[in-house]
There are 2 protein chains.
Amino acid sequence: MIQKTSETKTKTISVIIVEDFKLTRVGLRCALNANEDINVVAEAEDAVEGLKLIEKHKPDVILMDLGLPGMNGIEAMVKCKEMMFDSKIIALTSHDRSEEVIAALSSGASAYCLKDIDPNKLADVVRDVSTGVCWIDPMVAQMTLNALPKIDNIGFLPNKSNTEGRVPLTEREFEVLKHLVSGKSNTEIAKELIVSVHTAKAHVCSILQKMCVNDRVQAAVKAVKEGMV
Amino acid sequence: MIQKTSETKTKTISVIIVEDFKLTRVGLRCALNANEDINVVAEAEDAVEGLKLIEKHKPDVILMDLGLPGMNGIEAMVKCKEMMFDSKIIALTSHDRSEEVIAALSSGASAYCLKDIDPNKLADVVRDVSTGVCWIDPMVAQMTLNALPKIDNIGFLPNKSNTEGRVPLTEREFEVLKHLVSGKSNTEIAKELIVSVHTAKAHVCSILQKMCVNDRVQAAVKAVKEGMV
DNA sequence: TAATCCATTACCCGATTGTCTAATTTATTG
DNA sequence: CAATAAATTAGACAATCGGGTAATGGATTA
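These lines cover the structure that appears in this document, whether it is placed above or below. Numbering of residues starts from 1 in every chain and runs along the sequence as written. Written order decides the labels, with chains lettered from A and ligands numbered from 1. With pLDDT at 70 or above as the cut-off, local features in this predicted model cover only qualifying residues; side-chain atom pairs require 80 or more to be listed or tallied, and sums for whole chains, interfaces and linings still use all residues. The side-chain figures draw on all heavy atoms in the structure; neither hydrogens nor water molecules are used.

Observations regarding the protein's contact with DNA strand C
Item 1. Around DNA strand C, the surrounding shell holds 17 residues, and the nearest of these are Lys201 of chain A together with Arg172, Ser196, Thr199 and His203 of chain B.
Item 2. Identification of polar contacts relies on pairs of N or O atoms within 3.5 Å, with a donor-acceptor requirement for protein atoms, meaning one able to donate a hydrogen and the other able to accept it, and with residues adjacent in sequence counted only if both atoms are side-chain atoms. Take Arg172 of chain B: an N or O atom from its side chain is 2.9 Å from a phosphate oxygen of DNA strand C.
Item 3. The separation between a phosphate oxygen of DNA strand C and a polar main-chain atom of Ser196 of chain B is 2.7 Å.
Item 4. Amino acids are sorted into nonpolar (Ala, Val, Leu, Ile, Met, Phe, Trp, Tyr, Cys and Pro), charged (Asp, Glu, Lys and Arg) and polar (every other residue, Gly among them). Tallied by class, the residues present in the surface near DNA strand C amount to five nonpolar, seven polar and five charged. Working definition: residue near molecule or strand if any one of its non-hydrogen atoms lies within 4 Å of it.

Here it is as structure tokens:
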């Protein structure tokens, strides 16, 4: 067993847990309180109660379940952020839907953990987050990074990888590519661009060749991965 | 001093350092090699050399300086990602400009560290990132989260769309999905999984239904965007 | 035990895809 | 002006796709 060796601040980290399932709540409290530098100061089983306790205790870190009854965790976080503490929020759910992850992180969460996280790991995350780190579970890390706005590499990057080696798509082909990525058939693309199916097919064909792929699925995946759309 | 207690995989983590300043390079190597579960397998002082070494060693983690002479770190990361290993990249710079941070993270980096990070902490980050975690330095965490697209919280209903809406894919279907995303035809998928084409088609069919999409292109795009693969 | 889910295979059928060759028009560039 | 590139259209063809229905065996669950 390899021990983590990072120094942590001597001050104990105060934590509030907001989670509707009693069993999970107990589990979280035990897991965290087992660490002498972490202190669970309060627990709530719904968002309203949670907000009261947060206002009262002003904890360093808030463990917030997103699937709360009544006011959900996202709303609670928004309200929490309006209260001007610098409490850090860890979103803790079993969901891995892209919209929910992004919503949580853009609404005030500094971390996103899935509930099957190792308890010791969770303690590490609490420590990290209390210092301001943004920590995102492996299961949803990629989708989060993908949600970041693509920077226009032209101008930022030297013109090597853009001009050389890669044959650039024409404007029209880019239009077709966008529709292709959105899952439209050649017929639908043609209708959208007000051209014949033959034209759409011709464009798709040249797109496939220029992108060096064999079919539209590969083209779509490559386009998404490389942020072309 | 409080010890971190998270379990770490016994397998050592191989690391490549790409950094132009010799002194920093030595410092990084020493700091990381002091951990018995981390092994710096190679170092490069520019991107070109770095890419060669990366291709050769296929390391678990890449420490990439962004301010390299010639090809910069962002461009190097893009090229690196095109090589389709699942090496994780830690962007390591002294800059905290928003554009650079976002550019790095949206171009393939899984983590962003400022160079004044505690060496022991860096080792923790290497461990985290090797498991897929996204880790962002406190100094730039907020600006990164701010760059995420804002979701309209009103009307956000975790209760509905999560439990009822989503049907989870089976393991087998996930295998099929992976091949689908890589652009394989049903015939090829069947060959890969050593089943009949009928079976592959059946799986694809149920994948489309469960993912609520009309065709394989949409399935592939959705899978990539949501990080399912 | 009965019910349910999963993986597997099979057949049919209409729609779609990707490639080919070939032609016309418009713009841009040398 | 000539040449080149892009956008457009067309017909034909083999291959693939997606949907539908249906059957079987195995595993798990109620």
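From this point, the discussion proceeds with the structure in view.
A short note on the sheet that holds strand β5 (residues 109–114) of chain B
Pairing between the strands of a sheet comes from backbone hydrogen bonds, and it takes one of two forms, parallel or antiparallel.
Item 1. Strand pairing follows a simple DSSP-based rule, namely that at least 2 bridges must link the two strands. A run of DSSP states H or I qualifies as a helix once it reaches four residues; a run of E qualifies as a strand once it reaches two. Both are numbered from the N-terminal end. Read from one edge of the open sheet, twelve strands run β2(A)-β1(A)-β3(A)-β4(A)-β5(A)-β6(A)-β6(B)-β5(B)-β4(B)-β3(B)-β1(B)-β2(B), paired in mixed fashion. At either margin of the open sheet sits one strand with a lone partner, and together these are β2 (38–44) of chain A together with β2 (38–44) of chain B. In this sheet, adjacent strand axes meet at a mean angle of 20° when their direction is disregarded.
Item 2. Pairing of strand β5 (residues 109–114) of chain A with strand β6 (residues 134–136) of chain A involves two bridges; the strand directions are parallel. Across the sheet, Tyr112 of chain A pairs through a bridge with Ile136 of chain A, a residue of β6 of chain A.
Item 3. Contact criterion: two residues are considered in contact whenever any of their non-hydrogen atoms come within 4.5 Å of each other. Orientation is described by axes fitted as lines to C-alpha atoms, over the contacting stretch for helices, and by angles from 0 to 180 degrees between their N-to-C directions. Of the strands in this sheet, β4 (88–93), β5 and β6 (134–136) of chain B are in contact with helix α4 (residues 98–106) of chain B, which crosses β5 of chain B at around 150°.

A word on helix α10 (residues 197–211) of chain B
All names here are of chain B.
Item 1. How far a helix is expected to stretch is found by multiplying one less than its residue total by 1.5 Å. Compared with an ideal rise of 1.5 Å per residue, which puts 15 residues at 21 Å, α10 spans 21 Å between its outermost C-alpha atoms and is within 8% of the ideal.
Item 2. Relative accessibility thresholds used throughout: buried, under 20% of the residue-type maximum; exposed, over 50%; partly exposed, between the two (1.4 Å probe, protein chains only). Every buried residue of α10 is listed here: Ala200, His203, Val204, Ser206, Ile207, Leu208 and Met211.
Item 3. On its buried face, α10 is in contact with α8 (171–181), α9 (186–193) and α11 (216–225).
Item 4. Directly beyond the C-terminal end of α10, a positive phi value near 60° is found at Cys212.

Here we look at the pattern of salt bridges
All names here are of chain A.
Item 1. Each salt bridge in this description consists of a side-chain nitrogen of Lys or Arg and a carboxyl oxygen of Asp or Glu lying within 4 Å of one another. Under the defined criterion, the tally for this structure stands at 25 salt bridges over all chains.
Item 2. Lys121 is paired through a salt bridge with Asp124; the nearest N and O atoms lie 4.0 Å apart. Pair noted here: Lys121 and Asp124 are both in helix α5 (residues 119–130), with a separation of three residues, about one helical turn. Like Asp124, Lys121 is buried.

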